[in-house]
Amino acid sequence: MDAFVLQAIARELDAALRGARLEKAVQADPFTFVLTFSCGDRRTRRLLLSGDLAHPRLHLTEESPPGQPEPGDFLRSLRKHLAGCRVTRVAAGEWERVVQLSFERAGSPPGTFALLAEVMGRWSNLILVEGRAGRVLDALRLSTGERNPARPVERGAPYRLPPAQKKRAPGAVDEKDFLGLLAEAALKKGNQGERARWLVRTFGGLSPAVAAEIAGRAGEDPRVLWEAFAWAVGCYREGRFRPSVILGSGGAPAGLSALEAASLPPARVQAWPSMNGAAEAFYREAAGGAPLQAGRAALARTVRGHLKRTGRNLAAVEEDLRQAGEAEDCRLKGDLLLRNLDGVGEGAVNVRFEHEGAPLEIALDPRLSPSGNAQRYFRRYKKLKRLVGAGGRRRQDLAAERSFLEELLYDAEEAGGPEALAGVRQALEEGGFGKKAPSPSRRKRGRAAPPARPYRRFLSTGGWEIFVGKSALGNEALLRRVARGGDTWLHAQGLPGSHVLLRAGRRDGRVRVDYLPVERLRRPRGGRPGQVIFTGQRTLLASPEEGERLSRELEAAGA
């Protein structure tokens, strides 16, 4: 976001939010916050602010991302100081990439605050300032004087604007100054790119995109370049903006522009009625994938960690059960020793007896008597027998645990958005792998937004009503809330993924799919979300090609 885009966004925000009351603040990811306002026109508006160094930004948004389970320190400060406050003004600094939202609290105690979004690439930050004293209350990124002597950002310290750029302010240059600077630069003729780079080097607040537009409007005549430069400055001062998303050669969003992009082919300019709308559309593509991909990767690492521990535990149980197979051998050796105590010498390390026509060698502890050695084998026998029973149950539990985690790993890697990731985290916690959510009686009172449906419902052109779980929690919801007698349950055999409920069905293909009446499904006692046990199922072979065709049909007709 350059100074032009931020100026356009700030003007729109001032018109939309002035007088609005802050109702809610949530943290969408470690660097991104969404503030919800109740506005004077009886509309609710959401403002997204992000200090993400790759995509710093602020703009209105229609999305309502789920908040992180544990609010960070900066979010706590926003809620503490700004909850219930009203916006008195939104303004961008003159030729600066800093936008200030001013707040006022009329209640007790009264107060004024400023929330500053510094949208400056790798120096981006969000800073909350106490209005009258001008002291920093909190910041997304705090820095001490030792770490940042030029401009510390510390709680209780006075807020200082970012250091001024060593460039000329575009609004403070007249035609004579401009032409003089251009002559001193001695730029090569016919090189539009060099002129654009000179504009960026010389004047503050001009991004490469704005400079390219100015240079693209001008020919070789220096005065025409000045006229294009003056036009851009006039647009900035007077708020004559033409919001658009600039498309790359492949048609993907490549940038934002607040100025009329006359130097580009019309096919590469996607006009928008507002700068905030253009910013949301652009960053949904440019920044939306990065946090989602990072969230998928982080959650998948967590699930893989649990899977690794489960695998180690299962291997240990398997080893115990392998040793438990020696139980009868221990009992036999104990019996032989008791029946032949006179044949065992004191201090012997082994003894050999005939058993069923074959020699059997028995290892002894020379420190024990013959009877003591026999009792040692009997104790070993009883321990191994206990292992057989407990180990078998433990092996079943761990196998079910592994299956559950493999299902969640699939859900995490295939999550289509923050909602899906939140569902996987919830399923992980409810499955006993992490901190559980507070019980309803201990949650804060108040009207909560209805939770999103964790499954999808389709109505096909063939009259089928089909329910598909989005995740383990969605599979659980199908079994607990949706399924009814007469429904048919389907699931790809031995594979992670969605459960499916059909009110009708058809057969075809190659993938093995289990199906049975839903009333035959049972949820194991203490089972994790989405886990079921069943018997008496039938299996059909379903064609993946037919599945893809049906999926397209359902997408076209689905709800």
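Reference entry: report on the structure contained in this document.

Conventions we followed
- Residues numbered from 1 in each chain as written.
- Predicted model: local features only at pLDDT ≥ 70, side-chain atom pairs only at ≥ 80, totals over all residues.
- Heavy atoms only, no water.
- Helix = DSSP H or I, 4+ residues; strand = E, 2+ residues; numbered from the N terminus.
- Buried < 20%, exposed > 50% of the residue type's maximum accessible area, 1.4 Å probe, protein only.
- Contact = heavy atoms within 4.5 Å.
- Areas by Shrake-Rupley, 256 points an atom, 1.4 Å probe, with all protein chains shown as cover.
- Pairing = 2+ DSSP bridges.
- Axes fitted to C-alpha atoms, helices over the stretch in contact; angles between N-to-C directions.
- Parallel < 35°, antiparallel > 145°, perpendicular 65-115°, else oblique.
- Nonpolar A, V, L, I, M, F, W, Y, C, P; charged D, E, K, R; others polar.
- Arc of directions from axis to C-beta.
- Phe/Tyr/Trp six-rings, centres within 6.5 Å; stacked < 30°, edge-to-face > 60°.

Right, let's talk about the overall build of the protein for a bit. A tally of helices and strands in the protein yields 13 helices and 20 strands. Within the protein, the fraction of its 559 residues that count as buried is 43%. At a minimum sequence separation of 6, the contacts of the protein that also span at least 24 residues come to 56%. Accessible surface computed for the protein: about 30700 Å², of which carbon and sulfur atoms make up 49%.

Within the chain, Trp95 stands out as a residue other than glycine whose phi angle is a positive 55°. Backbone geometry at Glu356 places phi at a positive 55°, although glycine is not the residue there.

Before going further, it helps to examine the pairing of strand β11 (residues 253-257). Looking along a regular strand, one sees the side chains alternate between the two faces of the sheet. Pairing analysis gives four bridges linking strand β10 (residues 244-247) to β11, with the strands arranged antiparallel. When the sheet's bridge partners are listed, Ile246 is paired in β11 with Gly255. Connecting β10 to the antiparallel partner β11 that follows it, the hairpin turn spans five residues, and Gly251 within it adopts a positive phi of roughly 95°.

Before going further, it helps to spend a moment on the packing of helix α1 (residues 3-17) against helix α7 (residues 275-286). One can describe the packing of α1 onto α7 by two numbers: an axis separation of 8 Å at closest approach and a directional angle of 120°. Here α1 lies oblique to α7, going by the angle between them. Across the interface between the two elements, Val5, Ala8, Ile9, Glu12 and Leu13 from α1 touch Met275, Asn276 and Ala279 from α7. Looking at the contact of α1 with α7 residue by residue, the class counts come to six nonpolar, one polar and one charged.

This brings us to helix α5 (residues 208-217). For α5, the full list of buried residues reads Val210, Ala211, Glu213, Ile214 and Ala215. If you follow the buried residues of α5, they end up packed against α1, α4 (192-202) and α6 (222-238).

Attention now moves to helix α3 (residues 175-185). Among all positions in α3, only Phe178, Leu181 and Leu182 are buried. Looking down the long axis of α3, one finds its buried residues gathered within 100° of arc, a one-sided arrangement. Exposed residues pointing more than 90 degrees away from the buried face of α3 are listed as Lys176, Ala183 and Glu184. Packing partners of the buried residues in α3 comprise α4 and α6.

A full pass over the atoms with the stated rule returns 14 aromatic pairs. A centroid spacing of 5.8 Å and a plane angle of 15° characterise the contact between Phe178 and Phe203, whose relative ring orientation is stacked. Taken together, the positions of Phe178 in helix α3 and Phe203 in the loop between α4 and α5 put the pair 25 residues apart, joining distant regions of the chain. A single burial state applies to Phe178 and to Phe203, both of which are buried.

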